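Examining the three-dimensional arrangement
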Protein chains: 2
Amino acid sequence: MSTLKVFTDIQASAGLLDWLRNEIAPHELLLPAKRAASVLVEQASDPLIAEADIAFGQPDVASVLNAPRLRWLQVSSAGFTRYDTPGFRKAAKARGLVVTNSSHVYDQACAEHVFAFMLAQARQLPRSLKTRCTNSDPAWTMLRESSRLLLGQSVSIYGYGAIAERLVGMLAPFNMEITAVRRQPRGDEGIRIVTPDQAIAALGEADHVINILPDNADSRGFFNETVFRAMKSGSVFYNIGRGTTVDQDALADALQHGPIEAAWLDVTDPEPLPEGHRLLGLPNCHITPHVAGGQRGESRVLVAHFLENFRRHLNDGALLNRVIG
Amino acid sequence: MSTLKVFTDIQASAGLLDWLRNEIAPHELLLPAKRAASVLVEQASDPLIAEADIAFGQPDVASVLNAPRLRWLQVSSAGFTRYDTPGFRKAAKARGLVVTNSSHVYDQACAEHVFAFMLAQARQLPRSLKTRCTNSDPAWTMLRESSRLLLGQSVSIYGYGAIAERLVGMLAPFNMEITAVRRQPRGDEGIRIVTPDQAIAALGEADHVINILPDNADSRGFFNETVFRAMKSGSVFYNIGRGTTVDQDALADALQHGPIEAAWLDVTDPEPLPEGHRLLGLPNCHITPHVAGGQRGESRVLVAHFLENFRRHLNDGALLNRVIG
């Protein structure tokens, strides 16, 4: 086999890049002059990609499509919105370009993050961590009364992929009633699956509504006024998918006037929300800054996942997390 | 059977007391003039208890021992420290008095609470809920890097009772290495059990140390300087047992100078900690005000648990949560 050239614009320490270089040898690593500050941000075009057989990171769309030798792109995030267009898919197909993502790297962390949200809400942590009171104070009794058990509650999950699968596994000891919305039910999910047209009806029964939808033409603005109004009184909304799937004004209304009790968001549109945004002023809206996928040693896990796929690419080509092509 | 008299000083709504009265009829409910503001606080002596066959709540020790007809006391908390003395046990035995507690009511909520603590720490929620930053900010990268997965980590549990059993069930999907410390291993725990004399050695391996010890002569001050020093660097300490089991100065030292990364406490000594207390000033010490057992409809669950035991008392006497006698 001839020597392959692997272009990467990922953010990583010199040590980690050395590891990557050693692991792919005798194949060659190409590094742009300026590297990414984030796994999520589209990178500036770099002429080096024109020489590459493989790219790993967040190269801009035009560079990818103009790179004559490029056969495989591994996106360093779970989301791949900028490549997920009919135009890109068509061009990729025409020239035999395969795209994989790094969702496997983030699945467990994302599932743990949304589960942390669920338990923090159930145990009223934002309030109870700020409350110092005696055991006979009315505030104490109210705080205890406002806590609830996850045990036996109901959950509705929008976007049934790898994160949802892990989450469903985590919820098993809690005997929850779980419904998931999936465009194409496979029948082997082990939980109740409904299609998007049945989703609104299922919504009114759920104590917890979990949004893991990716950003695409179908999902954009999916959680709108109609959807929020259909939710159960006192239910909780979580978003670890993409901010664009939510009409944030409709969410703010539902938080202020019901029916929902609280929202926990790891993603918003834009990120971060501008100062003075309505959602920032609501005490029942809890926001983390797109860190659900984060974990100690994340870059190393990201590179390890690429190396696993690189070996597969050299071997039989059965790539993990294949999303296009 | 003659009509029994049931004395209760629990805090409950008139509706709930009516329910209790109806459920035990034709047996009689005796209510003191002034009722409890908390399930945890010892109540003032009330002359009515002298007529009672059964008591439910937190009656003071002297009243219990002086009540000539009393055969069974159900304490309305999980803790029963004030009755857990050699003197009380001896007097109870001499007159055939049985004591049950309400631990069953609080098991699930307490286990969910400590699990919420574990996930909130792993996902860095106290910090990430306050951070508004862009996806390329160094603060963002640091926040992601400081998050960790529970998956595959190790846990050491002190005090292996019903709460720990439920917690172990919840941790199953996370493939954690779990060790529990128990005075008398039964062999059917399904996890690694060590006795208190082996506990310090086991401590150095644990990423998470969970204290569910009750308050008694053996446990008081158990978590002292020696114990905290033996903990693993970067580990996390949780307490949902009793505040008296911890040397709080030693804990503050361990939080300021290592080895521990953070502490999450639902109990302290005293409760609440006085203003200006060292632990209140530490950013890595997170405290909730003894609400781990709280849940919506708690009083109703508490009464339902008593009624279950009342039926057992009338039937074969095989009471749940029997702790003395």
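Residues numbered from 1 in each chain as written. Chains lettered and ligands numbered in written order. Predicted model: local features only at pLDDT ≥ 70, side-chain atom pairs only at ≥ 80, totals over all residues. Heavy atoms only, no water.

For clarity, the threshold we go by: UniProt positions are given in the numbering used here, feature names are shortened, and annotations may be inferred rather than shown by experiment.
The name given to chain A in an unreviewed UniProt entry is D-2-hydroxyacid dehydrogenase, with Luteolibacter ambystomatis as the source organism. Here chain A is described in UniProt, under the heading Sequence similarities (unreviewed entry), as follows: "Belongs to the D-isomer specific 2-hydroxyacid dehydrogenase family."

Concerning the UniProt feature "domain: D-isomer specific 2-hydroxyacid dehydrogenase catalytic" (unreviewed entry) in chain A
Here is the rule: Here a helix means four or more residues in a row that DSSP labels H or I, a strand means two or more in a row labelled E, and each is numbered from the N terminus.
Under the UniProt annotation, "domain: D-isomer specific 2-hydroxyacid dehydrogenase catalytic" (unreviewed entry) lies at residues 62-293 of chain A. Measuring from the first to the last C-alpha atom of residues 62-293 of chain A gives 27 Å, for a span that is 35% helix and 16% strand.

What to know about the domain arrangement of chain A
All names here are of chain A. The cut-off we apply is this: In this entry, domain limits derive from an automatic or database-based domain assignment. Should any heavy atoms of two residues lie within 4.5 Å, those residues are counted as being in contact. Buried area is calculated as the accessible area (1.4 Å probe) missing from two parts once they are joined, with the contributions of both summed. Throughout this description, the term salt bridge denotes a Lys or Arg side-chain nitrogen within 4 Å of a carboxyl oxygen of Asp or Glu.
What the domain assignment reports for chain A is domain 1 (5-101 + 296-324) and domain 2 (106-287). Domain 1 and domain 2 are separated by 33 Å when their C-alpha centres are compared. The partner domain 2 presents 5 residues to the 10 residues of domain 1 that form the contact. Where domain 1 abuts domain 2, roughly 500 Å² becomes buried across the two surfaces, and 49% of that area is made up of carbon and sulfur atoms. In this structure, the connection of domain 1 to domain 2 is made through 0 salt bridges.

Quick look at the packing of helix 4 (residues 103-122) of chain A against helix 7 (residues 162-171) of chain A
Residue and element names in this part refer to chain A. Here is the rule: Note on geometry: axes are C-alpha line fits, over the in-contact stretch for helices, and angles between N-to-C directions span 0 to 180 degrees. Any angle that is under 35 degrees is reported as roughly parallel, and any over 145 degrees as roughly antiparallel; angles of 65 to 115 degrees are reported as roughly perpendicular and all others as oblique. The crossing is said to be left-handed when, going from far helix to near helix, the turn is anticlockwise and less than a right angle, and right-handed when the turn is clockwise. Polarity classes work like this: nonpolar for Ala, Val, Leu, Ile, Met, Phe, Trp, Tyr, Cys and Pro, charged for Asp, Glu, Lys and Arg, and polar for all others, with Gly in that last group.
Axis separation between helix 4 and helix 7 bottoms out at 8 Å; the angle between their running directions is 50 degrees. Considering the angle they form, helix 4 stands oblique to helix 7. The two elements helix 4 and helix 7 cross, and the hand of that crossing is right-handed. Counted together, His-104, Asp-107, Gln-108, Cys-110, Ala-111, Glu-112, Val-114, Phe-115 and Met-118 of helix 4 and Ala-162, Ile-163, Arg-166, Leu-167, Met-170 and Leu-171 of helix 7 form the full contact between these two elements. A class-by-class count of the residues in the contact of helix 4 with helix 7 yields 10 nonpolar, 2 polar and 3 charged.

Notes on the sheet that holds strand 13 (residues 322-324) of chain A
Residue and element names in this part refer to chain A. Rules: Pairing between strands requires that DSSP locate at least two bridges from one strand to the other.
Read across the sheet, 6 strands follow the order 2-1-3-4-5-13 without closing on themselves; strand pairing throughout is mixed. What marks the edges here is a single partner per strand, and that holds for strand 2 (28-30) and strand 13. Between one strand and the next, the sheet's axes are offset by a mean angle of 25 degrees, whatever the strand orientation. Judged from the 4 bridges that link them, strand 3 (residues 54-57) and strand 4 (residues 72-75) form a sheet pairing that is parallel.

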